[in-house]
Amino acid sequence: MAYFLGIDAGTQSLKGILIEPATGWTSKPVSVHFGRDLPQYGSTDGFLPCLDPQIRRANPRMWLDALDLLLERMQQAGLPMAQVAGVSGSGQQHGTVYLNHLFPLALKTLQQGQSLATQLVHAFSRQEAPIWMDASTTTQCGQLRSRFGERLRQDTGSDATERFSGPQIMKFACECPAQWTETATVHLVSSFLASVMAGENLPIDYGDGAGMNLLNLHTLAWDAEIAEFTAPGLLKRLPPCVPSTQAPGRLAPYFAKYGLTPGIPVNVWSGDNPNSLIGTGGSLAGRAVVSLGTSDTYFGTLTELPATPPRFGHVFGNPAGGFMTLVCFTNGSLTREHFRNHYGFSREEFEIAVVQAEPGRRQLLPWLVPEATPPVPTQKILCNFDAKNATPGDFLRALLESQVLTMRYHAGNRQRPTQIRLTGGASASPVLRQIVADVFQAPVVIGDSTEAAALGAAMRAANACGGYGFDELTERFCTSQTTVTPNPALGTTYEQALEQFAALLKSIK
Ligand code: XUL
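Residues numbered from 1 in each chain as written. Predicted model: local features only at pLDDT ≥ 70, side-chain atom pairs only at ≥ 80, totals over all residues. Heavy atoms only, no water.

### Focus on the overall build of the protein
Helix and strand counts for the protein come out as 19 helices and 25 strands. Radius of gyration (C-alpha) of the protein: 23 Å, near the 23 Å computed for a compact globule of 509 residues. Principal axes of the C-alpha set define a box for the protein whose edges measure 70 × 55 × 40 Å. Pairs at least 24 apart in sequence give 74% of the contacts found in the protein among residues at least 6 apart. Accessible surface, the protein as shown: approximately 19,400 Å² in total, 52% of it carbon and sulfur. Charge separation in the protein, taken as the distance between the mean sites of 38 positive and 42 negative side-chain charges, equals 2 Å. (Helix = DSSP H or I, 4+ residues; strand = E, 2+ residues; numbered from the N terminus. Rg over C-alpha atoms; globule rule 2.2 N^0.38 Å. Contact = heavy atoms within 4.5 Å. Areas by Shrake-Rupley, 256 points an atom, 1.4 Å probe, with all protein chains shown as cover. Lys, Arg positive; Asp, Glu negative; His and termini not counted. Charge placed at Lys NZ, Arg CZ, Asp CG, Glu CD.)

### Some details on the sheet that holds strand S24 (residues 444-446)
As summarised here, the arrangement of the 7 strands in space is S19-S20-S18-S17-S23-S24-S25, forming an open sheet in which the pairing is mixed. At either end of the open sheet lies a strand with only one pairing partner, and these are strand S19 (314-317) and strand S25 (483-484). Note: strand S18 (residues 296-302) against strand S20 (residues 323-329), 7 bridges, orientation antiparallel. The residue bridging threonine 301 from the neighbouring strand is methionine 324, located in S20. Sitting on the sheet, helix H15 (residues 392-410) touches strand S17 (287-292), S18 and S20, and the angle it makes with S20 is about 140 degrees. (Pairing = 2+ DSSP bridges. Axes fitted to C-alpha atoms, helices over the stretch in contact; angles between N-to-C directions.)

### What to know about the packing of aromatic side chains
Throughout the structure, instances matching the rule amount to 14 aromatic pairs. On the numbers, 6.4 Å between centres and 35 degrees between planes, the contact of phenylalanine 164 with phenylalanine 316 is tilted. Taken together, the residues phenylalanine 164 in the loop between helix H6 (150-156) and helix H7 (165-175) and phenylalanine 316 in strand S19 connect sequence positions 152 residues apart. Exposure class is identical for phenylalanine 164 and phenylalanine 316. Each is buried. (Phe/Tyr/Trp six-rings, centres within 6.5 Å; stacked < 30°, edge-to-face > 60°. Buried < 20%, exposed > 50% of the residue type's maximum accessible area, 1.4 Å probe, protein only.)

### Thoughts on the site of the ligand
In the region of the ligand, the neighbouring residues are Gln93, His94, Trp132, Arg163, Asp272 and Asn273. Aspartate 272 is positioned with one of its side-chain polar atoms (N or O) 2.4 Å from an oxygen atom of the ligand. The protein chains hide 84% of the 290 Å² of surface that the ligand would expose on its own. Residue composition of the shell around the ligand, by class: 1 nonpolar, 3 polar and 2 charged. (Near = heavy atom within 4 Å. Polar contact = N/O pair within 3.5 Å; in protein donor to acceptor, adjacent residues only side chain to side chain. Nonpolar A, V, L, I, M, F, W, Y, C, P; charged D, E, K, R; others polar.)

### What about helix H9 (residues 189-198)?
Of all 10 residues that make up H9, 10 are buried, and the element is covered over most of its length. Those residues of H9 that fall on the buried side of the exposure criterion are Val189, Ser190, Ser191, Phe192, Leu193, Ala194, Ser195, Val196, Met197 and Ala198. Phi for glycine 199, located one or two positions after H9, is positive at around 70 degrees.

### Let's talk about the packing of helix H13 (residues 333-342) against H15
Two numbers describe how H13 lies on H15: the axes approach to 11 Å, and their chain directions differ by 175 degrees. As judged from the angle between their axes, H13 and H15 are roughly antiparallel. In this structure, H13 contributes Thr335, Arg336, Phe339 and Arg340 to the contact, and H15 contributes Phe395, Leu396, Leu399, Leu400 and Gln403. Split into classes, the residues belonging to the contact of H13 with H15 amount to 5 nonpolar, 2 polar and 2 charged. (Parallel < 35°, antiparallel > 145°, perpendicular 65-115°, else oblique.)

### Considerations on the side chain of threonine 96
Following the sequence through the fold, threonine 96 ends up in strand S7 (residues 96-99). There is a polar contact of 2.9 Å between the side chain of threonine 96 and the side chain of tyrosine 98. For threonine 96, the contacting residues outside a window of four places in its chain are Ala129, Pro130, Ser165, Gln168, Ile169, Val186, His187 and Leu188.

### A word on unusual backbone geometry
Cis geometry marks the peptide bond from threonine 373 to proline 374, where omega comes out at -10 degrees. Position of proline 374 among the secondary structure elements: in the loop between strand S21 (364-367) and strand S22 (380-383). Residues other than glycine seldom take positive phi values, yet leucine 220 does so here, at roughly 55 degrees. Looking at the secondary structure, you find leucine 220 in the loop between strand S11 (215-216) and strand S12 (221-222). For leucine 220, a relative accessible area of 27% puts it in the partly exposed group.

### Regarding the packing of helix H5 (residues 138-148) against H7
Running from amino to carboxyl end, H5 crosses H7 at an angle of 110 degrees, the nearest separation of the two axes being 9 Å. Here H5 is positioned roughly perpendicular relative to H7, judged by the angle of their axes. On H7, the residues that touch Gln140, Cys141, Gln143 and Leu144 of H5 are Pro167, Met170 and Lys171. Residues belonging to the contact of H5 with H7 are distributed by class as follows: 4 nonpolar, 2 polar and 1 charged.

### A short note on the pattern of salt bridges
Scanning the model with the defined rule gives 17 salt bridges in all. When the shortest N-O distance is used, the salt bridge between aspartate 159 and arginine 145 registers 3.1 Å. Of this pair, aspartate 159 sits in the loop between H6 and H7 while arginine 145 is found in helix H5, placing the two residues 14 residues apart along the sequence. Overall, aspartate 159 belongs to the partly exposed group, its relative accessible area being 25%. Arginine 145 sits in the partly exposed class, given a relative accessible area of 35%. Here arginine 361 and glutamate 358 are joined by a salt bridge, their closest N and O atoms 3.0 Å apart. Relative accessible area serves as the criterion here: at 46%, arginine 361 is assigned to the partly exposed category. Taken together, the shared-partner salt bridges in this structure form one network comprising Arg147, Arg151, Asp155, Asp223 and Glu225. (Salt bridge = Lys/Arg side-chain N within 4 Å of Asp/Glu carboxyl O.)

### Some thoughts on the environment of valine 268
Note on placement: valine 268 falls in the loop between strand S15 (265-266) and strand S16 (270-271). With near-sequence residues (within four places) excluded, valine 268 lies in contact with Ser88, Pro203, Asp205, Val242, Pro243, Ser244, Gln246, Pro248 and Arg460.

Written out as structure tokens, the structure is:
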């Protein structure tokens, strides 16, 4: 039997799972929590403490120690490591790792008697890796915007974004020119760990590469002009960018110590969002994933590059082919909970009140806290109805519908999805499930997203190293018991509601 290994290098932990596609078997996830399991790095939440809340960096050697510990734990758990036929992974997006000229030789000569972190200690030109939570590059974003204007969004799929790798590299090259000169290679978290496993520098994939403000999505090559403006000599420090389905590496002999077979193929790793798209079963053409959590997130598949990328979102590569959008809405479950508590409703009372209210009649701008999409810096709740005299049900229905309408409005895809995979805590609410189905007029499949990035990575390994198609992998690993069908009678109602919502949005511009 052939098993495939998926590793998820997240913000707070490293997780691994094995899958066996012939039977659909999935192992229990094994994990290493950076804060609890590697306290020597002083990174309780996965990053180094810093008084400046804009600065968020991690020690990349912590990720190496975590990789050793994870594979040791997987072996100790009795997982069939010797039968693993391919490896892939997922990395928190945008984080950058800076390596010097010693890295390739250090990788090639890894000895089983010592840890990865010990053997690679001299290979870093920068000891810390800025991660996606770092927001300290507003100046650099401004410079990129004034130099390239709209072209940045049109060609790289995103406006200049603080956490993105390009602005992060720009800041480092400018503030630390000597260390920049010493830098031979800039990796993403994903391509760094993939390279370690392969014992040689591996490429970046289109999924994660698109989160850098450096990849030209029209040519699928690094944009030389943007790269040179970002940092002198950056182009020659970037690994090549390749399709997510390539498996250019072979597992390094070092990993035999965990029972793995040296020489098995290593698929290029990708970002956590592209991997989650695969792992939630949302990567097939026409599908979208809506995750209803603290914030709400919309991932939509795109077969072609949109003429205009979403104004406030991002376009990344879809590892299954084509592209994906990612749009994040800050006012998610906390806002829903706030208003439920405001009316003193239990969850059941909340459901009943919303079901009883009339659909599509009332809209509001649901921004209790500053919102990312569209960017609104302060609280703003604006209604197109008389909120004082509305019943609690009318108000709460307007809130839920508007939260879904804003997703449809900002999704960046004119075509409605043919199926939505719904995940996250609030996907447990029957009334919210139905509203998502009705507003999008698409069937909603309730999924499980707990290990979506690790599962997506394992599915990508099975695709790239085992020849399994994403259709069959999705069918086997992303099953669901529950589907909610849209009510076609409400199609026109919600088209009108969308127009009314758009009018309300315009009224604040
Ligand atoms: C997406 C983003 C986060 C990170 C970490 O743009 O910054 O989702 O990928 O999860």
